[in-house]
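Per-entry structural report
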Amino acid sequence: MEFPIASPPYVVAGFSVQRVMLQVLFALIPVATVQLWLYGPGTLRLLAVAAITALACEGLALRLRGQPPQAFLCDGSVLVTAALLALSLPSSLPWYLAAFGTAVAVLLGKHAYGGLGQNPFNPAMVGYAVLVVSFPLEMTGWSAPGAGWDALTGATALDALRNGLRESYTIEEIRRGAEFGGIGAADGEWVNLAALAGGLYLLARRIVRWQIPVAMLFGIALPAALAHGLDPGAHAGAAFHLASGATMLGAFFIATDPVSAATSDRARLVYGAGIGLLTWIIRSFGSYPDGVAFAVLLMNLVVPLIDRVTVPRIHGHQKS
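Quick caveat: nothing in here was measured; it's all calculated off a predicted structure.

1. Details of the environment of Gly117
On the secondary structure map, Gly117 appears in the loop between α6 (95-108) and α7 (123-134). Using a relative accessible area of 15% as the deciding quantity, one classes Gly117 as buried. For the pair formed by Gly117 and Val259, sequence separation is 142 residues and the distance between their alpha carbons is 5.8 Å.

2. Quick look at the nonpolar core
Ranked by internal contacts, the top residues of the largest apolar core, which has 75 residues, are Leu89, Phe253 and Tyr271. Top contributing element to this core by residue count: helix α5 (residues 77-88), with eight residues. Both domains that meet at this core, namely domain 1 (17-138) and domain 2 (195-309), each give it at least three residues. Counting five residues, the second-largest nonpolar core is a separate cluster that includes Ala221, Ala227, Ala238 and Trp280.

3. As for a nonpolar patch on the surface
A cluster of nonpolar side chains, contributed by Leu298, Leu301, Val302, Leu305 and Val309, occupies part of the molecular surface with about 460 Å² of accessible area. Of all the secondary-structure elements, those providing two or more residues to the nonpolar patch are α16 (292-301) and α17 (303-309). Summarising the element assignment, Val309 is placed in helix α17.

4. Section: helix α15 (residues 265-285)
Taking 1.5 Å of rise per residue, 21 residues should cover 30 Å, and α15 covers 30 Å from first to last C-alpha, within 8% of that figure. Within α15 the residues assigned to the buried category are Ala267, Arg268, Tyr271, Gly272, Gly274, Ile275, Gly276, Thr279, Trp280, Ile282 and Arg283.

5. Description of the side chain of Asn119
Here Asn119 is to be found in the loop between α6 and α7. You can call Asn119 buried: its relative accessible area is 1%. Within polar-contact distance, the side chain of Asn119 engages the backbone oxygen of Phe121 at 3.1 Å.

6. Details of the packing of α7 against α16
Two measures define how a pair of helices packs: the angle their axes make with one another and the distance between the axes. Taken N-terminus to C-terminus, the directions of α7 and α16 make an angle of 125°; their axes are 9 Å apart at the nearest point. As judged from the angle between their axes, α7 and α16 are oblique. Every pair of crossing elements has a handedness; the one defined by α7 and α16 is left-handed. On the side of α7, the interface is formed by Met125, Val126, Tyr128, Ala129, Val132 and Val133, while α16 contributes Ala293, Phe294, Val296 and Leu297. Of the residues contributing to the contact of α7 with α16, the split by class is ten nonpolar, no polar and no charged.

7. What about the environment of Gln118?
Among the secondary structure elements, Gln118 is positioned in the loop between α6 and α7. With a relative accessible area of 43%, Gln118 lands in the partly exposed category. Taking the C-alpha atoms as reference points, Gln118 and Ser260, separated by 142 residues in sequence, lie 8.5 Å from one another. If near-sequence neighbours (up to four positions away) are discounted, Gln118 is found in contact with Tyr113 and Val259.

8. Focus: the pattern of salt bridges
For the coordinates displayed, the defined rule picks out three salt bridges. The salt bridge involving Asp265 is made with Arg209; its shortest N-O contact spans 2.9 Å. Residue Asp265 is found in helix α15, and its partner Arg209 is found in the loop between α11 (186-204) and α12 (211-230); the two are separated by 56 residues along the sequence. The closest approach of N and O atoms between Asp265 and Arg268, which form a salt bridge, is 2.7 Å.

9. With respect to the packing of α5 against α6
Where α5 contacts α6, the axes come no closer than 10 Å and their chain directions differ by 140°. The orientation of α5 with respect to α6, classified from their angle, is oblique. Every pair of crossing elements has a handedness; the one defined by α5 and α6 is right-handed. Residues Val78, Thr81 and Leu85 of α5 form the contact with α6, whose own contacting residues are Gly101, Thr102, Ala105 and Val106. Residue composition of the contact of α5 with α6, grouped by class: four nonpolar, three polar and no charged.

10. Topic: unusual backbone geometry
Backbone geometry places Arg206, a non-glycine residue, at a positive phi of 60°. Secondary-structure assignment places Arg206 in the loop between α11 and α12. Classification of Arg206 as exposed rests on a relative accessible area of 72%.

11. Side note on the packing of aromatic side chains
In total, this model carries six aromatic pairs according to the counting rule given. Relative to Phe285, the ring of Trp280 lies with its centre 5.6 Å away and its plane at 90°, an arrangement referred to as edge-to-face. On the accessibility criterion, Phe285 (55% relative accessible area) is exposed.

12. Points about the confidence of the model for the chain
Looking at the chain, the pLDDT average stands at 80 and 75% of residues meet or exceed 70. In the model, residues 1-14 has pLDDT below 50 throughout and makes 48 contacts with residues more than four positions away in sequence or in other chains. Here residues 147-155 is a poorly scored stretch, pLDDT under 50, and it has 21 contacts once near neighbours within four places are set aside; other chains count.

Quick notes on the rules
- Residues numbered from 1 in each chain as written.
- Predicted model: local features only at pLDDT ≥ 70, side-chain atom pairs only at ≥ 80, totals over all residues.
- Heavy atoms only, no water.
- Helix = DSSP H or I, 4+ residues; strand = E, 2+ residues; numbered from the N terminus.
- Buried < 20%, exposed > 50% of the residue type's maximum accessible area, 1.4 Å probe, protein only.
- Core = buried A, V, L, I, M, F, W, Y, C linked by side-chain atoms within 4.5 Å.
- Domains from an automatic or database assignment.
- Patch = residues over 30% accessible without salt bridge, like charges linked within 9 Å, V, L, I, M, F, W, Y side chains within 5 Å.
- Areas by Shrake-Rupley, 256 points an atom, 1.4 Å probe, with all protein chains shown as cover.
- Salt bridge = Lys/Arg side-chain N within 4 Å of Asp/Glu carboxyl O.
- Expected span 1.5 Å × (residues − 1).
- Polar contact = N/O pair within 3.5 Å; in protein donor to acceptor, adjacent residues only side chain to side chain.
- Axes fitted to C-alpha atoms, helices over the stretch in contact; angles between N-to-C directions.
- Parallel < 35°, antiparallel > 145°, perpendicular 65-115°, else oblique.
- Left-handed = near helix turned anticlockwise from the far one by under 90°.
- Contact = heavy atoms within 4.5 Å.
- Nonpolar A, V, L, I, M, F, W, Y, C, P; charged D, E, K, R; others polar.
- Phe/Tyr/Trp six-rings, centres within 6.5 Å; stacked < 30°, edge-to-face > 60°.
- pLDDT = per-residue confidence, 0-100.

If you want it as structure tokens, here you go:
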């Protein structure tokens, strides 16, 4: 999450950027805690590596661009980028890949476009996309929940669903052979509930607006429910998609990036719904099990068009 501020004072909607970023980091504590509980200390290792790498890359980029590093390093925005990326990565991922992805996020996703407030793409998702395309095997191996450091890695519920359907198993058969919970993946349910709790906190504090999260969740749930109703053996229902993968983290923390997201209320609804629909399409028919990152980046591309066609009408003026 980045904010369109290029120089001091850093103020967003009446709050300093530093205060906003602290609120976002605070809202991410439930997600980090649940992942630490499920996957062991690897979560802390990735958070530490990402934070150190992000601060180092931010300082280097600012010096190369001739800007005062201290003023920008203290606003906390780069730490939010690092935290979002780290919490999206498998806890068993080697530390050097986490460092590489973070460097890509900060240097390529952010500073290549001019720094804070200028990035057209969500920086954390740029780093994630580069990692998942470049190192697909390492990015799909998650530690077994509750097994800690020495856990064997395995497929997530979305992986199991995709691979099982390709082998012509029904969803019921896949559920019997994989670690599924009552709704979605047993671990995914807890992570998504934690992200939902943090997201509701951000809504209550008015750090994010409701349009993008609600539209994104609706954009996932509606096609999932329709497809499941037409063919329940081949398509998971809405509850499964909402409780699996990075759905809630994406809806409340990633898609709501105010720089790369749409601006007006109407545009935010279109933008969020597009992310949700693309996420479901990628999960159901694509090569990657969870499509949140790619959906966000694809919708980042069309934000200028969405903003243009959804400009609110100005009333009370005569046409010249």
